[in-house]
Amino acid sequence: MECDQVLPDSLVLEIFLRLPHDAVLRAGLTCRQWLAVSRDEFLWKELFYNYYCIPRSVPRHPAAVSWYREFKRLFDCIPCVEVQTLREHSDQVLHLAFSHRGHRFSSCSKDCTVKLWDTERPDGNISLVHSSSMRQFNWGYTQFSQFNADDSLLLVSGVYLGPQHSSSGEIAVISLENYTLLSRVRNKPYDVFGCWLNETHLISGNLHWIGNMTSCSVLWLNKAFQDIESENVNVVKRLFKIQNINASTIRTVMVAHCRRHDNPDLLLDYEAQSQAKRQIGQQQQQQHSPLLFDLGTSGSEDEDEEEEVVEEFHKEARCHGFSTVRLPQPTLSGLDHVIQSRKKVGPRELEIETQVAQMMGRAHTKAPDSSLIEPSASGEGEDKTYLLFTTGSLTYSPHQIGIKRIKPDQMTTCGPVLGEERSSDEFFDSLDHVIDIHGHIIGMGLSPDHRYLYVNSRAWPAGCVISDPMSPPPIAEEIDLHVIDLKSLREERRSLRAHRAFTPNDECFFIFLDVSRDFVASGAEDKHGYIWDRHYNICLARLAHDDVVNSVAFSPADQELLLSASDDSTIKVWRSPRMVRLAQAPARPPRPRNLLSSWLTRNRNSSASCVSGKP
């Protein structure tokens with residue numbers, strides 16, 4: 001029933017502007033006039049900025065078609081409704097990873113298992129498909145996993161409890177065809193984690209101490225399995241050897257495949273957005289011989305080179321009046337090694353060692369090739385593959401993002417193991433680019449298009465000076481989520497904040513985050529997971545657990561499905577209010593198809609026309 005148009009549209013609009021959004025929607029059901037006013041674009045623009053407290057300088061998402069639908073997207077499409085709790089793990093759950101198709105995900109835990117789960121059951125529930133225990137290989141726990149590009153292999157990283165102690169780890173490669181173990185690769189320190197470079201090759205790390213607080217990290221390219229054809233060719237090849245000073249090491253490696261960024265899934269540069277005028281891309285989307293072998297064992301050639309590096313270091317030290325004691329390869333973890341070394345030498349000697357290491361680095365490091373890292377103009381240049389990792393130069397805590405380009409000829413283990421381009425006096429590879437975060441880095445994640453790197457960090461006090469590498473500054477309880485543009489290799493001026501952590505420098509651990517097309521999510525130590533909108537820079541949801549949330553993961557097939565893993569030994573499944581509503585809605589009965597009756601009616605009418613002689 002229509003109501004009389006007592007009030008003009010302009011006055012109704014003024015009234016609606018003073019109502020909350022839910023009252024506006026209810027009022028719009030009154031009559032056609034109010035319904036039309038309740039869908040007014042100016043009205044929903046005002047409601048949008050006021051409700052979400054977004055600065056007016058932030059424009060609407062380039063892909064949005066209306067302010068009303070954009071409000072509805074943020075309100076109704078966030079995976080914040082808990083629909084299932086998975087309790088199959090018996091200890092803290094540390095990491096979650098989806099397959100690229102989104103049909104499976106894996107989970108790692110302190111119970112030393114890696115579990116595989118099915119997300120495509122007809123009833124919508126998630127179920128356990130397979131569980132593998134790594135305790136038989138002397139692992140302490142599993143900590144990270146990653147599917148290869150075609151979802152045929154699973155990389156599982158864990159902490160190894162062998163004679164090499166707590167800094168050692170291993171990477172296992174599991175076939176997803178029959179769940180057999182294909183290979184195991186040494187990985188040191190364990191928090192390198194490891195990652196896939198392509199469908200058949202993975203990257204691992206090794207660490208060699210060459211002084212009290214000086215070391216070198218070696219990054220290896222490993223073939224994931226050893227088939228018959230590979231018996232006479234390399235299955236392992238050294239990618240880079242990088243010098244570390246002040247007790248720092250390389251950790252948390254990941255690979256970014258940067259596709260020239262012609263069609264990013266999001267533009268965080270608002271000025272560029274207005275110039276682009278809403279132009280944004282919307283595209284996303286064998287049986288191996290189960291031979292077990294350790295790809296990470298150092299060959300004699302590599303050990304000879306390590307001897308050469310150590311001898312060169314001590315020769316440089318003696319030239320500067322610094323008497324050194326030849327240290328055996330430590331079997332302690334990295335920090336334990338440094339703590340033991342500090343008991344033998346004084347602070348002055350450690351300071352001299354750092355100076356000697358820096359001079360040695362300048363003399364024996366390959367010169368960087370500036371052309372490898374220069375960002376190309378939009379639509380120009382070639383695709384680039386970057387190796388990203390955490391590192392440091394001032395203290396042992398990771399406070400820098402290191403970036404090294406991987407050239408096309410380095411993406412296979414074919415060719416000389418040590419790299420034919422390296423001359424005998426160039427021990428180390430230089431970093432192509434370094435970004436200092438000025439805080440302790442505790443998490444990293446890539447956007448789906450690999451355009452942006454998101455970094456969790458706990459900031460140091462402003463203006464702090466580090467005088468002792470083993471005493472880094474105190475870290476904030478607030479976690480900052482930095483955004484780094486891998487096209488310009490610069491940090492965005494804005495960072496996200498809402499989550500918190502409480503453990504001190506020497507105890508703080510990794511908190512995994514994940515990025516979807518529109519959202520970014522992270523765990524936290526305050527017993528919650530968090531979801532932000534990537535474009536508007538606002539926190540949209542808090543996901544409650546009973547303990548620390550270690551990891552979150554969006555489904556690559558549906559960003560309205562999110563998982564969270566916690567120290568409370570559970571995995572929680574979250575879906576958007578929209579998806580929950582659709583799942584609970586009763587199925588509509590199919591409309592009756594009266595094809596037969598209509599055909600009979602048409603034929604009956606046609607017959608009657610023929611009998612009457614009408615055309």
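Just so it is clear, the model here is predicted, and its values are computed rather than measured.

### Considering the overall build of the protein chain
Thinking step 1. What the protein chain contains, in helices and strands, is 12 helices and 29 strands.
Thinking step 2. For the protein chain, the residues scored as buried account for 55% of the 615 residues in total.
Thinking step 3. Just so you have it, the protein chain exposes about 28,700 Å², and 50% of that area is on carbon and sulfur atoms.

### Focus: a nonpolar patch on the surface
Thinking step 1. Where nonpolar side chains cluster on the molecular surface, the patch consists of Val6, Leu7, Leu11 and Ile15 and spans about 330 Å² of accessible area.
Thinking step 2. Examined against the element boundaries, Leu7 turns out to sit in the segment before helix 1 (9-16).
Thinking step 3. Residue Leu7 is classed as partly exposed on the basis of its relative accessible area, which comes to 30%.

### Description of helix 9 (residues 347-364)
Thinking step 1. For helix 9, built from 18 residues, the straight-helix expectation of 26 Å at 1.5 Å per residue is met to within 8% by its first-to-last C-alpha distance of 25 Å.
Thinking step 2. The complete set of buried residues in helix 9 reads Leu350, Ile352, Glu353, Thr354, Val356, Ala357, Met360, Gly361 and His364.

### Regarding the UniProt feature "repeat: WD" (unreviewed entry) in the protein chain
Thinking step 1. The feature "repeat: WD" (unreviewed entry), as annotated in UniProt, sits at residues 86-120 and 542-574 in this numbering.
Thinking step 2. Secondary structure content for residues 86-120 is 0% helix and 54% strand, while the C-alpha to C-alpha distance between its ends is 15 Å.
Thinking step 3. Helix makes up 0% of residues 542-574 and strand makes up 70%, while its end C-alpha atoms are separated by 11 Å.

### What about helix 1?
Given 3.6 residues per turn, any residue in an α-helix points the same way as the ones three and four places further on.
Thinking step 1. Taken as a whole, helix 1 has its buried residues at Val12, Leu13 and Phe16. End-on view of helix 1: buried residues confined to an arc of 100°, all on one side of the axis.
Thinking step 2. If you follow the buried residues of helix 1, they end up packed against helix 2 (21-27), helix 3 (32-38) and helix 4 (41-52).

### Observations regarding the pattern of salt bridges
Thinking step 1. Counted by the stated rule, this structure contains 21 salt bridges.
Thinking step 2. Its salt-bridge partner being Arg73, residue Asp518 comes within 3.7 Å of it at the nearest N-O pair. The pair Asp518 / Arg73 is uniform in exposure class, with both members buried.
Thinking step 3. In this structure, Glu525 engages Arg458 in a salt bridge whose closest nitrogen and oxygen atoms are separated by 3.9 Å. Within this pair, whereas Glu525 is found in the loop between strand 24 (519-522) and strand 25 (528-533), its partner Arg458 is found in strand 19 (residues 452-459), the two being separated by 67 residues in sequence. For the residue pair Glu525 and Arg458, the accessibility class agrees, reading buried in each case.
Thinking step 4. Salt bridges here are not isolated pairs; linked through shared partners, they connect Glu70, Arg73, Arg517, Asp518 and Asp533.

### Quick notes on the environment of Glu14
Thinking step 1. Mapped onto the elements of the fold, Glu14 is located in helix 1.
Thinking step 2. The class for Glu14 is partly exposed, based on a relative accessible area of 37%.
Thinking step 3. When the C-alpha atoms of Glu14 and Leu43 are compared, they prove to be 8.8 Å apart, with 29 residues separating the residues in sequence.

### Digging into the nonpolar core
Generally speaking, nonpolar side chains in soluble globular proteins are found buried as a group.
Thinking step 1. Core analysis: the biggest nonpolar cluster contains 30 residues, and Phe48, Ile54, Ile531 and Leu562 have the highest contact counts within it.
Thinking step 2. Only helix 1, helix 2, helix 4, helix 5 (67-76), strand 24, strand 26 (538-544) and strand 27 (549-555) provide two or more residues apiece to this core.
Thinking step 3. By residue number, the principal contributor to this core is helix 4, which donates six residues.
Thinking step 4. Structurally, this core is a two-domain feature, drawing no fewer than three residues from each of domain 1 (9-77) and domain 2 (81-260 + 383-414 + 426-582).
Thinking step 5. In this structure, Ile531 is in contact with Ile78, Pro79, Phe519, Val520, Ala521, Ile538, Cys539, Leu540, Ala541, Leu543, Phe554 and Leu562, ignoring residues within four places of it in sequence.
Thinking step 6. Membership of the second largest hydrophobic core comes to 17 residues, among which are Tyr386, Ile435, Ile441 and Leu489.

### Focus on the pairing of strand 29 (residues 571-575)
Looking along a regular strand, one sees side chains alternate from face to face of the sheet.
Thinking step 1. Counting buried positions along strand 29 gives five out of five residues, so the element sits mostly inside the fold.
Thinking step 2. Residues Ile571, Val573 and Arg575 of strand 29 are buried on one face, and the alternating residues Lys572 and Trp574, pointing to the opposite face, are buried as well.
Thinking step 3. Looking at chain direction, strand 28 (residues 558-566) and strand 29 are connected through five bridges and run antiparallel. In the sheet register, Ala565 faces strand 29, and the bridge partner there is Ile571.

Rules used in this analysis
The numbering scheme is per chain: residues are counted from 1 as the chain's sequence reads. Two thresholds apply to this predicted model, a pLDDT of at least 70 for residue-level local features and 80 or more for giving and counting side-chain atom pairs, whereas whole-chain, interface and lining totals are computed over all residues. Heavy atoms from the whole structure form the basis of all side-chain values; hydrogens and water molecules are not counted. Helix and strand definitions here come from DSSP, where helices need a minimum of 4 consecutive H or I residues and strands a minimum of 2 consecutive E residues; each element is numbered from the N-terminal end. Exposed residues in this analysis have more than 50% of their type's maximum accessible area, buried residues have under 20%, and partly exposed residues fall in between, with area computed by a 1.4 Å probe over protein chains only. Working definition of accessibility: Shrake-Rupley area with a 1.4 Å probe, residue cover restricted to the visible protein chains. Excluding any residue in a salt bridge, patches collect residues exceeding 30% relative accessible area, merging like charges within 9 Å and nonpolar Val, Leu, Ile, Met, Phe, Trp and Tyr side chains within 5 Å. We define a salt bridge as a side-chain nitrogen of Lys or Arg found within 4 Å of a carboxyl oxygen belonging to Asp or Glu. For a helix, the expected span equals 1.5 Å multiplied by the residue count minus one. UniProt positions are given in the numbering used here, feature names are shortened, and annotations may be inferred rather than shown by experiment. Note: the arc covers the axis-to-C-beta directions of the helix. When checking whether two residues touch, look at their non-hydrogen atoms; a contact exists if any pair is within 4.5 Å. For this analysis, a nonpolar core means a set of buried residues of the types Ala, Val, Leu, Ile, Met, Phe, Trp, Tyr and Cys, connected via side-chain atoms within 4.5 Å. Where each domain starts and ends follows an automatic or database-derived domain assignment. Think of it this way: DSSP has to see at least two bridges between two strands before they count as a pair.

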